[in-house]
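Each chain is listed here by its residues.
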Amino acid sequence: MQLLPPTPQKEGIPLSGKGGWLTVQVLINGQGPFTFALDTGATQTIVSPKLATHLSLSHTAKPIQLQGLLGIETAQPTRLRWVQINQHRTNQLDALILASSLIERMQVDGLIGQDFLNQYRQYWQFGPQNALGMVEQGTLQLSPVKP
């Protein structure tokens, strides 16, 4: 990951600030766009139960316990046929369906985790901070990591 200085966002994927998080528009299994927060601290992509129902996602394994920002939570593993941000697409992405008050409060459909992001070299550009010190916009440039 490389952080670039604040500059006018002319290139890259547009990001919007929401409650201290940056969000992006995502297509899942050919549907959307849906609003997801980008979470560089999450190992896996997370989908809200509401979106899982909308997408008719099936459970792929028994529920698991995971340690999140709000403590230990129960999540249901699933698999997404494909996830796309702009032209960047990942096929067969394992994800978690998680009922989280954090996701509800943020009013997003889920979180994009490192399982998606680590497939790309990431160039983040942040806009200026607001009075509370939060970034309200930015861009993200992704280029595939070559094997």
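Shown above is the structure to which this text applies.
Bear in mind the structure is a predicted one, so any value in this text is a computation, not a measurement.

S.K.: Help me understand the overall build of the protein, please; the structure alone is not making it clear to me.
M.R.: What the protein contains, in helices and strands, is three helices and 11 strands. When the helices and strands of the protein are listed from N to C terminus, the series reads β-β-β-β-β-α-β-β-β-α-β-α-β-β. Compactness check: the protein gives a C-alpha radius of gyration of 15 Å against a globular reference of 15 Å for 147 residues, within 12% of the reference. In terms of overall dimensions, the protein has a C-alpha envelope of 45 × 35 × 25 Å along the principal axes. When the 147 residues of the protein are sorted by exposure, 44% land in the buried category. If you take every contact in the protein between residues at least 6 apart in sequence, the share linking residues at least 24 apart comes to 57%. With an accessible surface of roughly 8300 Å², the protein has 52% of that area assigned to carbon and sulfur atoms. Looking at the protein, you have 10 positive and 8 negative side-chain charges, and the mean spots of the two groups are 7 Å apart.

S.K.: Which parts of the structure should I look at to understand the pattern of salt bridges?
M.R.: Opposite charge on two side chains makes pairing possible when the charged atoms of those side chains draw close. Applying the stated criterion to the full structure yields one salt bridge. The shortest N-O distance in the salt bridge between D94 and R79 comes to 2.9 Å. Taken together, the residues D94 in strand β8 (residues 88-98) and R79 in strand β7 (residues 71-85) connect sequence positions 15 residues apart.

S.K.: What's the story with the pairing of strand β3 (residues 21-28) in this structure? I'm lost.
M.R.: Across a regular strand the side chains alternate sides, sitting on one face of the sheet and then on the other. The buried fraction of β3 is high, at six of eight residues. Bridging between strand β2 (residues 13-18) and β3 involves three bridges; their strand directions are antiparallel. Residue pairing across strands places K18 opposite W21, the latter belonging to β3. Hairpin geometry of β3 and strand β4 (residues 31-38) is characterised by an intervening segment of two residues between the two adjacent antiparallel strands and by a positive phi of about 50° at N29. Pairing analysis gives two bridges linking β3 to β7, with the strands arranged antiparallel. Counted as the bridge partner of I28 is V83 from β7.

About the criteria used
Residues numbered from 1 in each chain as written. Predicted model: local features only at pLDDT ≥ 70, side-chain atom pairs only at ≥ 80, totals over all residues. Heavy atoms only, no water. Helix = DSSP H or I, 4+ residues; strand = E, 2+ residues; numbered from the N terminus. Rg over C-alpha atoms; globule rule 2.2 N^0.38 Å. Buried < 20%, exposed > 50% of the residue type's maximum accessible area, 1.4 Å probe, protein only. Contact = heavy atoms within 4.5 Å. Areas by Shrake-Rupley, 256 points an atom, 1.4 Å probe, with all protein chains shown as cover. Lys, Arg positive; Asp, Glu negative; His and termini not counted. Charge placed at Lys NZ, Arg CZ, Asp CG, Glu CD. Salt bridge = Lys/Arg side-chain N within 4 Å of Asp/Glu carboxyl O. Pairing = 2+ DSSP bridges.

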